[in-house]
Amino acid sequence: GSEKETKRFSKEDRDVAIYMARTYETQKKYRQALSRYKEVLEMEPSNYVVMNNVSSMLIYLGSYEEAIRYAQKAVNDRKDYDPPLINIGIGYGQLGKYSESESYFLKALRIVQANQYALLNIGLLYEKQGAFDKANQYFVKLSEAGDAQGYLGLARLAEKQRRVADAIRFYKTAVSMENIDPQISNTVNDRLMQLTK
């Protein structure tokens, strides 16, 4: 048969689809990014990195069960690849399945102990559950890794425990860090204004 009958993909097709997907993702156009990543998966059905990207887009879009399924496929293909473990943890956390969520974050941290995304998400999970001591542990590790989110977590915990001076100190440290997101910086400055009234 002619080439039009069988679906054939070139490396260029794949590269363009990945480029478009990443572009849409940075623009926060998650639906478009998702469809491009799925195009790549049609070309490379066992690409575990792209499977995980699909999972991430589904999380942004609030399709947590489907996100978990794609991330699980990625884990099945590559046991030592930690990003999908974090996505599974986020998915379960969003579905209110906290113990499953926790176990996946811990699995990811066994693979990469200083995985900042895993540290942040397990800290947030414990914070959401009111387990402040556990949350504190992970936010400390995150702040030691130079991540502003660690200090923000510590500041929120301090606020919730009415330790205002500590909260102010943590917020000031976060806002003084290089590479802090301007949006986060604005939020922090608002909190500091409230706390120093």
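Heads up: the structure comes first, above all this text.
Rules used in this analysis
- Residues numbered from 1 in each chain as written.
- Predicted model: local features only at pLDDT ≥ 70, side-chain atom pairs only at ≥ 80, totals over all residues.
- Heavy atoms only, no water.
- Helix = DSSP H or I, 4+ residues; strand = E, 2+ residues; numbered from the N terminus.
- Buried < 20%, exposed > 50% of the residue type's maximum accessible area, 1.4 Å probe, protein only.
- Areas by Shrake-Rupley, 256 points an atom, 1.4 Å probe, with all protein chains shown as cover.
- Salt bridge = Lys/Arg side-chain N within 4 Å of Asp/Glu carboxyl O.
- Phe/Tyr/Trp six-rings, centres within 6.5 Å; stacked < 30°, edge-to-face > 60°.
- Lys NZ or Arg CZ within 6 Å of the ring centre and 35° of its normal.
- Expected span 1.5 Å × (residues − 1).
- Contact = heavy atoms within 4.5 Å.
- Polar contact = N/O pair within 3.5 Å; in protein donor to acceptor, adjacent residues only side chain to side chain.

Colleague: Account for the overall build of the chain, naming residues and giving values.
Modeller: In terms of regular secondary structure, the chain is built from 11 helices and 0 strands. In the chain, the succession of helices and strands from N to C terminus is α-α-α-α-α-α-α-α-α-α-α. Each principal axis of the C-alpha distribution contributes one length, and for the chain these read about 75 × 35 × 25 Å. Looking at the chain as a whole, 42% of its 197 residues are labelled buried. With an accessible surface of roughly 11,400 Å², the chain has 48% of that area assigned to carbon and sulfur atoms.

Colleague: Account for the pattern of salt bridges, naming residues and giving values.
Modeller: Per the stated rule, a full pass over the model turns up 12 salt bridges. With a shortest N-O distance of 3.4 Å, arginine 36 and glutamate 39 are connected by a salt bridge. Placement of both arginine 36 and glutamate 39 in helix α2 (residues 30-43) is noted, with a separation of 3 residues, approximately one turn of the helix. Take glutamate 39: its relative accessible area is 30%, and that puts it in the partly exposed class. Close ionic contact of aspartate 80 with arginine 78 constitutes a salt bridge, the shortest N to O distance being 2.7 Å. Given the relative accessible area of 31%, arginine 78 is considered partly exposed. A network of salt bridges, in which partner residues are shared, links Lys11, Arg14, Asp15 and Glu44.

Colleague: Tell me about the packing of aromatic side chains, and name the residues and values.
Modeller: Following the criterion strictly, the structure yields 4 aromatic pairs and no others. Where tyrosine 30 meets tyrosine 60, the ring centres are 4.1 Å apart and the plane angle is 5°; that geometry is what we call stacked. Taken as a pair, tyrosine 30 in helix α2 and tyrosine 60 in helix α3 (residues 48-60) lie far apart in primary sequence, 30 residues in all. A relative accessible area of 48% places tyrosine 60 in the partly exposed class. For the cation-ring pair, lysine 107 lies above tyrosine 104, with the distance from its terminal atom to the ring centre recorded as 4.3 Å. The ring of phenylalanine 170 has arginine 169 lying over it, and the distance from NZ or CZ to the ring centre is 4.7 Å.

Colleague: Go over helix α9 (residues 148-160), please, and point to the residues and values.
Modeller: For the α-helix, the turn length of 3.6 residues means that residues three or four positions removed from each other point alike. The first and last C-alpha atoms of α9 sit 19 Å apart over 13 residues, in line with the 18 Å expected at 1.5 Å per residue. Of all the residues in α9, the buried ones are Ala148, Gly150, Tyr151, Leu152, Gly153, Leu154, Ala155, Leu157 and Ala158. As for α9, its buried residues are in contact with α7 (116-128), α8 (132-144), α10 (164-176) and α11 (182-195). Where α9 begins, one side-chain oxygen reaches toward the backbone nitrogen of glutamine 149, 2.8 Å away; that side chain belongs to aspartate 147. The first or second residue beyond α9 is arginine 162, which carries a positive phi of 55°.

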